[in-house]
Amino acid sequence: MAPSKVNSAGDASVSCSQPENGFLNSLSLLSSEKAVQELLQQSPLQSTDDHLIEFSDAMRTVAKALRRAAEGKASAQAEAAEWKRKYELERARNLHLEHKEQSHRENNGDDERTENLGSPSNEQSEQCCGSNGICSHEVLRDGDRDSASRVVPNKFARKASFKLSWWCKGDQSDQHKHDIVSFERGNITTAERSSKQISLKWESQPQTVIILTKPNSTSVRILCAEMIRWLREQKKLDIYVEPRVRAELLTESSYYNFVHTWKDETEIMLLHTKVDLVVTLGGDGTVLWAASMFKGSVPPVVPFSLGSLGFMTPFHSERYREYLDSILKGPISITLRHRLQCHVIREAAKNEYETEGPILVLNEVTIDRGISSYLTNLECYCDNSFVTCVQGDGLILSTTSGSTAYSLAAGGSMVHPQVPGILFTPICPHSLSFRPLILPEHVTLRVQVPFNSRSHAWASFDGKDRKRLAAGDALVCSMAPWPVPTACQVDSTSDFLNSIHDGLHWNLRKTQSFDGPRDT
């Protein structure tokens, strides 16, 4: 897909690999390089004459220089075109503001303009608030008015008050209605968002539970059968399992005829309307599998640790009766684990809506070079602002829940799972200054394979569903609106710290000896 086709704002974006202006000049340079190559092929170098060998080396050097010049000129023209586009957008915006201010002055008389003396100008308000209104101003007067509508200054000037609201593209969004920051006499306070622990309280008793298990494990199969019997006899719950598990249960005993399952993808899409609780028996991979089954909203997940290493499985299977009894009664502490929503846009797409997906990932989406011996060449944009060109083994776009997975192995930071953000982690970059980033939750990331890339790239989603990205193809990622709520044994912070202490032996060392002299 051409870079001009992938732009959520509707403006034409420019790629450094194929600029719009001056492309014929770059082709002429490449044609010169091709002529040099043909000359080299036509020149008979069968003799061992030293002058001919030196001439051949010189011609190869010229060919390399021509290639570098063509690439450099294309990159410079792309950058110039991008700056020109930004200048034209800014100029159009300023003209619109001037026209709006002029219309306002023509509609209002001298008396009304005198009455509004001391208020911020329309141009200042537009520059601060923008077209969609990031903030709204209510200016407090600097003094009382006399009968002639003149401002009488007080000894102490009063500050203007304002409030900040959610802003997003499009005037039809409901996010404009939610205030996040309040301002009172110069003091800014943020609203309570994810700073506190999240609690879930049942308004009605849960009726249906789905149990998902790790395959090819005898201990998990035995525990699953025992848990199903207990939930049915003691808690009177309806139980769903996978078709494979139901077949295994019926092989052991016909007692498990009451267990439900599904037949096709259509019934899987409706599971969230029937299931109140999800129980996973396995490791983090089982939690990922459970999350992938729900393409929209996800019921609360109770993950039991039966794997080799678990950062999302705080519950131990030996005490499952105690844990499930407490969870079914409620209230319970939960962790909202954010997911990424990914779309693949092919070069042949006519617009940004012709996409493949969406694909939801709980850990990360990885773009790598696959079996190719060449470095990946990826252009990265954040809300249509250029970030960088990635040259290396690849790039990881991770959630904070996936910060302790592939991103951590590639040098990324460990982040609390309830921190709303997207991790931008390079894989073995060909630059020592390329350090990982943590971007805010509301951004949209676009990773595109440029036309001058030496090879294709490959994208994998939570380690599955591998897709090939050819030149011009793009991968667009943003935060999905449907998080995965997982139950906590204690609370989200305690469970996270326990997982990195137990799983990674984080900062584990011998205690320093107290032998020797002491400070007095």
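Here's a quick rundown of the structure.

Calculation rules
- The numbering scheme is per chain: residues are counted from 1 as the chain's sequence reads.
- Totals for whole chains, interfaces and linings use all residues, but because this is a predicted model, local features are given only for residues with pLDDT of at least 70 and pairs of side-chain atoms are given and counted only at 80 or more.
- Calculation of side-chain values draws on the structure's entire complement of heavy atoms; hydrogens and water are dropped beforehand.
- Each helix corresponds to a stretch of at least 4 residues labelled H or I by DSSP, and each strand to a stretch of at least 2 residues labelled E; elements are numbered beginning at the N terminus.
- Each residue's exposure class comes from its accessible area (1.4 Å probe, protein chains only) as a fraction of the maximum for that residue type: buried when under 20%, exposed when over 50%, partly exposed otherwise.
- Should any heavy atoms of two residues lie within 4.5 Å, those residues are considered in contact.
- In short, Shrake-Rupley with a 1.4 Å probe defines the accessible areas, and a residue's cover is counted only from the protein chains shown.
- How far a helix is expected to stretch is found by multiplying one less than its residue total by 1.5 Å.
- Directions from the helix axis toward the C-beta atoms define the arc.
- For this analysis, a nonpolar core means a set of buried residues of the types Ala, Val, Leu, Ile, Met, Phe, Trp, Tyr and Cys, connected via side-chain atoms within 4.5 Å.
- A side-chain nitrogen of Lys or Arg and a carboxyl oxygen of Asp or Glu constitute a salt bridge if their distance falls within 4 Å.
- Convention adopted: a line fitted to C-alpha atoms gives each axis, helices being fitted over their contacting stretch, and angles between N-to-C directions are expressed from 0 to 180 degrees.
- Orientation is classified from the angle alone, with under 35 degrees giving roughly parallel, over 145 giving roughly antiparallel, 65 to 115 giving roughly perpendicular, and any other angle giving oblique.
- Left-handed is the label given to a crossing in which the near helix is rotated counterclockwise from the far helix by less than a right angle, and right-handed is the label when the rotation is clockwise.

Attention shifts here to the overall build of the chain. Check the secondary structure of the chain and you find 11 helices and 25 strands. Among the 520 residues that make up the chain, the fraction classed as buried is 38%. Of all intrachain contacts in the chain linking residues separated by at least 6 positions in sequence, the fraction that spans at least 24 positions is 65%. When the accessible surface of the chain is summed, it comes to about 30500 Å², and 51% of that surface belongs to carbon and sulfur atoms.

Relative to the 18 Å expected for 13 residues at 1.5 Å per residue, helix α11 (residues 492–504) spans 18 Å between its end C-alpha atoms, a close match to the ideal helical length. Buried residues of α11: Ser492, Asp495, Phe496, Ser499 and Ile500, and no others. Looking down the long axis of α11, one finds its buried residues gathered within 130° of arc, a one-sided arrangement. Lining the buried residues of α11 we find β13 (332–337).

Omega for the bond connecting Gly330 with Pro331 falls within 30 degrees of zero, at -10°, which places this linkage in the cis form. Mapping Pro331 onto the fold places it in the loop between α9 (320–329) and β13. Phi angles above zero are rare outside glycine, and Lys236 is one such case at about 55°. Among the structural elements, Lys236 can be located in the loop between α5 (218–235) and β9 (238–241). You will see that Asp465, though not glycine, has its phi angle at about 50°, which is positive. Among the structural elements, Asp465 can be located in strand β23 (residues 464–469).

With that settled, consider the nonpolar core. In this structure, Ile211, Ile228 and Phe304 are the most contacted members of the largest nonpolar core, which totals 34 residues. Sorting the residues of this core by element identifies β8 (208–213), α5, β9, α6 (243–252), β10 (277–282), β11 (301–305), α9 and β13 as the ones contributing at least two each. With 8 residues, α5 is the largest single contributor of residues to this core. Not counting the four nearest positions on each side in its chain, Ile211 is found in contact with Cys224, Met227, Ile228, Leu231, Ile239, Tyr240, Val241, Glu242, Val279 and Leu281. Counting residues in hydrophobic clusters, the runner-up holds 28 residues, among them Ile422, Phe434, Val443 and Cys477.

Here the focus is the pattern of salt bridges. Side chains carrying opposite charge are able to pair once their charged atoms draw close together. Summed over all chains, the structure comprises 14 salt bridges. With a closest N to O distance of 2.4 Å, Asp325 and Lys235 form a salt bridge. Remark: Lys235 occurs in helix α5 and Asp325 occurs in helix α9; sequence separation between them is 90 residues. Judged by relative accessible area, which is 22%, Asp325 ranks as partly exposed. Residue Lys235 is classed as partly exposed on the basis of its relative accessible area of 27%. Two residues, Asp393 and Arg369, come together in a salt bridge whose shortest N-O distance is 3.5 Å. In this pair, Asp393 is assigned in strand β18 (residues 385–398) and Arg369 in the loop between β16 (364–368) and β17 (376–382), connecting sequence segments 24 residues apart. One connected set of salt bridges, linked through shared partners, spans Arg221, Glu242, Arg244 and Glu248.

Another point: the packing of α5 against α9. The N-to-C vectors of α5 and α9 enclose an angle of 45°; their axes lie 11 Å apart at closest approach. Regarding the angle of α5 to α9, the classification is oblique. For α5 against α9, the interelement crossing comes out right-handed. Note on element contacts: α9 touches α5 through Tyr320, Arg321, Leu324, Asp325 and Leu328, opposite Leu223, Glu226, Met227, Trp230, Leu231 and Lys235.

Note that all results are geometric; they support no functional claim without further evidence.
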